[in-house]
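Now for the letters of each chain:
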Amino acid sequence: MNLFEIKEQPKVYDVVIVGSGAGGGMAAYQLTKAGAKVCLLEAGGYFDPADPKYITQLKNPWESPRRGASTRTRPFGDFDAAWGGWDIEGEQYTAMPGTQFRWFRSRMLGGRTNHWGRISMRFGPDDFRRGSMTGIGDDWPTSYEDYAPYYDKVDRLIGLFGTKEGIRNEPDGIFLPPPKPRLHELMLKKAAGSIGIPVIPSRMAMLTKPINDSRGACFYCAQCGRACQAYADFSSSSVLCIPAAKTGNLTLINNAMVREVLTDPNTGLSTGVSYVNKLDLKEYSIKGKIVILAASTCETARIMLNSKSPRFARGLANDSGVIGKYLNDSTGASRSAFIPALMDRKRYNEDGVGGMHVFTPWWVDNSKLDFPRGYHIEYGGGMGMPGFGFGGGIERVNGLFPDRNGNKKKAGGYGVALKDDIRRTYGAYIGMAGRGEPIPLESNYCEIDPNSVDKYGIPTLRYHYKWSENEIKQAKHMQDTFEQIIHAMGGIPMGRKPDASNNYGLAQPGEIIHEVGTVRMGNDPKKSALNGWQQAHDVKNLFVVDAAPFVSQGDKNVTWTILASSWRTSDYIMEQVKAKNI
Amino acid sequence: MKRRDTLKALSLSSLGMAVLPTTDLVAAPPDPKPFKTTPARIPEEIERDKKIMADKFLTPAELATIGILADIIIPAEGKSGSATQAGVPAFIDFIVKDMPQYQTPIRGGLRWLDNHSTKRFGKSFAGITPKQRIEIVEDIAYPDDVKPEFSHGAAFFSQIRNLTVTGFYTTRMGFDDLGYMGNTPNDWQGVPQDVLDKYGLKYDPIYDKKD
Ligand SMILES: Cc1cc2nc3c(=O)[nH]c(=O)nc-3n(C[C@H](O)[C@H](O)[C@H](O)COP(=O)(O)OP(=O)(O)OC[C@H]3O[C@@H](n4cnc5c(N)ncnc54)[C@H](O)[C@@H]3O)c2cc1C
Ligand code: SF4
């Protein structure tokens, strides 16, 4: 048989969705519930957090020969739920010399939401109009009011905990009760508070109380990154895709690597997609009246740029040439510390939820600073489960405190004294990480690499991304703040303070995994690819529901906004179909 | 499903957690020597771990020396057993194959150690007396106070110490030694009162609200 013959499915779906992560899962859920016949194409395999085949939750480190250390396929550890990583065999990407981008992908039902941090913050009113407020960057074509009702709906459907704080640019949601802070978190709140830095309950998508009969309540194992078999945390697989399949309206095709969106040469409308079946390596096509892309920010741009035809010579819906540009990821910098006051702790189960119970929202007025955007601080620490790396670097710590008789001792060592030091310092470390808003720049972009295809023959992405002074100054501010907080706690910062020689510890672009912006929305078709409904200006039956349309990202992790905007676009699609506009 | 109720029950299924579907129980073919690695692997991971486990890197002699060092680092004492009792050498044997970046430093470090031991005591590290071993270890165990001629030995010792400590504390014996009490379903109600009192801390009233 000719390998390059494309197998066409005669059936025409109402909607074809590419990608089953946060954005694609939400669209699949909403549209199947509304009765549409949906085909969901996912490049990775099937995954259900409650199927024993996939469960790593509550396993002990010794059940992994590498004790939970990371691997190429699981960069966040051997028990982590996500399959994929920074470097996927046969699916490479490149960066222009002198620039960098690290691209994290998950290849599975639910995408990266099976192990995401579940920090769930609404963007605030200001986050949609930073351009006009500060003269740098751009406004969204939409405003907080457009998303507010959808944030409410997402809060109710998916569930998150938090507290009403009344902070103007940190809008409150509909919250479940927050878990009580752990010991180091109480100390952090007190210490940071004493120097004017607020610490408030975190906002995260775990069910501290049950919200319906299909999902259990959190039982505090601290392992959301392994995906919750009780469905007590939000994963797109368990909370959106599997329920969508239960409607009977969903056709899920796993291992379907979408190559391009197909268009009608006469109307310029999309007619479906073509894909490579990863199992038999043959080419297939699927027809749909509407195509929704949700393959994640960069992958969606890649599909659009690869969807070239005489009508769309620069790539699909890319008459503006904007696709790929304005790629931006959160800034990130971190520091850890040893807290002598936390030595010799009483033992109890301090696992809690999988992540922090408190955090610091942005608290400073940027007009008083030399950089234009804010950041929030995430905290770590506690008497967590030992895994690979536990006790590493004890020689940098155990010379900092005297022995039990009050005598100074040398760092390092061995034997009975070393064992005692390990026990005494258990749970006495904290970590903190800033996550900040970058300025989206046209000069930061991904494009199709003219010289490279992946193992499926699909042209791959080449990145071009450099931080500007704005982000570097923000990282400097983070480092100064971290030391102030650590000192206020009586702690000892670990390692050397990052400085100008290493951009103040600023993470490489992409490393924080909050990339957005490659398929901008806007009111002007010359400067944007999509309108404010995330509908292509040039192709009215084509939509994008991941974070590619976002003009900027605030200092809020983006996923809750992906969920809200995908729901909003799904509602719009249903209205437009009813009105016979598409 | 209420946590309050579910915590009372003993079986995992009542927590809303999965139990083995019967189809899997019926379908599983009898495997005389099932390959064991981390649970819930995707096929390429199983292939990779099979290959790693079939490969050899460290020699029996190297592993024996690692065992001696590991038990100097983590000896048995009143509270728990030793590194070798917790299976640390087998862990290090695996990890240097899994993380090839360890191979040269560990192998080279062992050579440094044997070479040094032979110069000093006429025999390799495994062949000298426990007292002589400690004399060498004293020279390389304290990286901030090490004589320049021992810097390579000290770097090696820190690396073996880190691997040994990780290998020990990621076992049941290590958990018990440490007093780690988690990784089990529970209802987190905050830091115990006596601990709060000790640190002079208390919870904000917002945490008393149940809705
Ligand atoms: C370690 C980590 C921690 C994180 N923590 C947080 C957090 O605390 N808060 C937060 O808001 N965000 C967090 N994120 C980010 C969050 O995971 C993403 O924002 C979110 O998953 C993006 O959703 P998405 O739908 O755009 O894409 P994804 O979740 O990436 O899903 C895209 C899906 O599309 C599939 N796909 C890709 N290409 C194709 C193709 N060509 N054909 C078919 N299918 C394709 C992929 O296989 C994947 O399943 C975190 C991410 C990571 C990795
Ligand atoms: S912490 Fe709670 S929500 Fe997260 S995996 Fe454990 S039980 Fe599930």
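Residues numbered from 1 in each chain as written. Chains lettered and ligands numbered in written order. Predicted model: local features only at pLDDT ≥ 70, side-chain atom pairs only at ≥ 80, totals over all residues. Heavy atoms only, no water.

- As annotated in an unreviewed UniProt entry, chain B carries the name Gluconate 2-dehydrogenase subunit 3 family protein and is attributed to Emticicia agri.

- As recorded in an unreviewed UniProt entry, chain A goes by the name GMC family oxidoreductase, listed as coming from Emticicia agri.
- Quoted straight from UniProt, the Sequence similarities (unreviewed entry) entry for chain A says "Belongs to the GMC oxidoreductase family."
- Among the UniProt annotations of chain A, the heading Cofactor (unreviewed entry) holds the following wording: "FAD". (UniProt positions renumbered as here; feature names shortened; annotations may be inferred.)

### Things to note about the site of ligand 1
All names here are of chain A.
Now for step 1: Within the structure, ligand 1 sits among 37 residues, and Glu42, Arg112, Gly117, Glu299 and Thr559 are positioned closest to it.
Now for step 2: Residue glutamate 42 places a side-chain N or O atom 2.6 Å away from an oxygen atom belonging to ligand 1.
Now for step 3: Taking arginine 112, its side chain carries an N or O atom lying 2.7 Å from an oxygen atom of ligand 1.
Now for step 4: The protein chains hide 95% of the 990 Å² of surface that ligand 1 would expose on its own.
Now for step 5: The element contributing the most residues to the shell around ligand 1 is strand β8 (residues 256–263), with 3 residues.
Now for step 6: Its residues placed into classes, the shell around ligand 1 shows 18 nonpolar, 13 polar and 6 charged. (Near = heavy atom within 4 Å. Polar contact = N/O pair within 3.5 Å; in protein donor to acceptor, adjacent residues only side chain to side chain. Areas by Shrake-Rupley, 256 points an atom, 1.4 Å probe, with all protein chains shown as cover. Helix = DSSP H or I, 4+ residues; strand = E, 2+ residues; numbered from the N terminus. Nonpolar A, V, L, I, M, F, W, Y, C, P; charged D, E, K, R; others polar.)

### Description of the nonpolar core
Now for step 1: Formed by 191 residues in total, the largest nonpolar core has its most connected members in Leu41(A), Leu542(A) and Ile106(B).
Now for step 2: In contact with Leu542(A), other than residues within four places in its own chain, are Val261(A), Ser270(A), Val291(A), Leu293(A), Met304(A), Leu316(A), Ala317(A), Gln534(A), Gln535(A) and Ala536(A).
Now for step 3: Counting residues in each nonpolar core, the second largest holds 31 residues, with Phe47(A), Trp83(A), Met108(A) and Leu109(A) among its members. (Core = buried A, V, L, I, M, F, W, Y, C linked by side-chain atoms within 4.5 Å. Buried < 20%, exposed > 50% of the residue type's maximum accessible area, 1.4 Å probe, protein only. Contact = heavy atoms within 4.5 Å.)

### Focus: empty space enclosed by the protein
All names here are of chain A.
Now for step 1: The full count for this structure, using the stated rule, is 4 cavities of 30 Å³ or more.
Now for step 2: Roughly 90 Å³ of internal volume is contained in the largest cavity.
Now for step 3: Around the largest cavity, the lining is made up of 15 residues, and of these Gln57, Cys218, Cys221, Cys224 and Cys228 lie nearest the centre.
Now for step 4: Considering only residue class, the lining of the largest cavity consists of 10 nonpolar, 4 polar and 1 charged. (1 Å grid on protein atoms, 1.4 Å probe; cavity = no way out; pocket = protein on both sides within 12 Å on 5 of 7 lines; lining within 4 Å. Points joined across faces, edges and corners; volume = space filled by probe spheres on them.)

### Examining the interface of chain A and chain B
Now for step 1: Across the boundary between the two partners, chain A contributes 86 residues, which contact 90 residues of chain B.
Now for step 2: Summed over both sides, the interface between chain A and chain B buries roughly 7200 Å², with carbon and sulfur atoms accounting for 61% of that surface.
Now for step 3: Per-residue buried area on chain A facing chain B is highest for Lys180(A), Tyr414(A) and Lys419(A); these three make up 11% of the total on that side.
Now for step 4: At the surface where chain A touches chain B, the tally comes to 8 salt bridges.
Now for step 5: Of the charged contacts, one joins Asp49(B) and Arg66(A) as a salt bridge, the two residues approaching to 2.5 Å between their closest N and O atoms.
Now for step 6: If you look at where chain A meets chain B, you find 35 residue pairs in polar contact (both at pLDDT 80 or more).
Now for step 7: Within the residue set of the side of chain A that touches chain B, elements represented by two or more residues are α4 (183–194) and α7 (415–425) of chain A.
Now for step 8: At 6 residues, the largest contribution of residues to the side of chain A that touches chain B is made by α7(A).
Now for step 9: In the side of chain A that touches chain B, the residues fall into 42 nonpolar, 22 polar and 22 charged. (Buried area = accessible area lost by both parts, 1.4 Å probe. Salt bridge = Lys/Arg side-chain N within 4 Å of Asp/Glu carboxyl O.)

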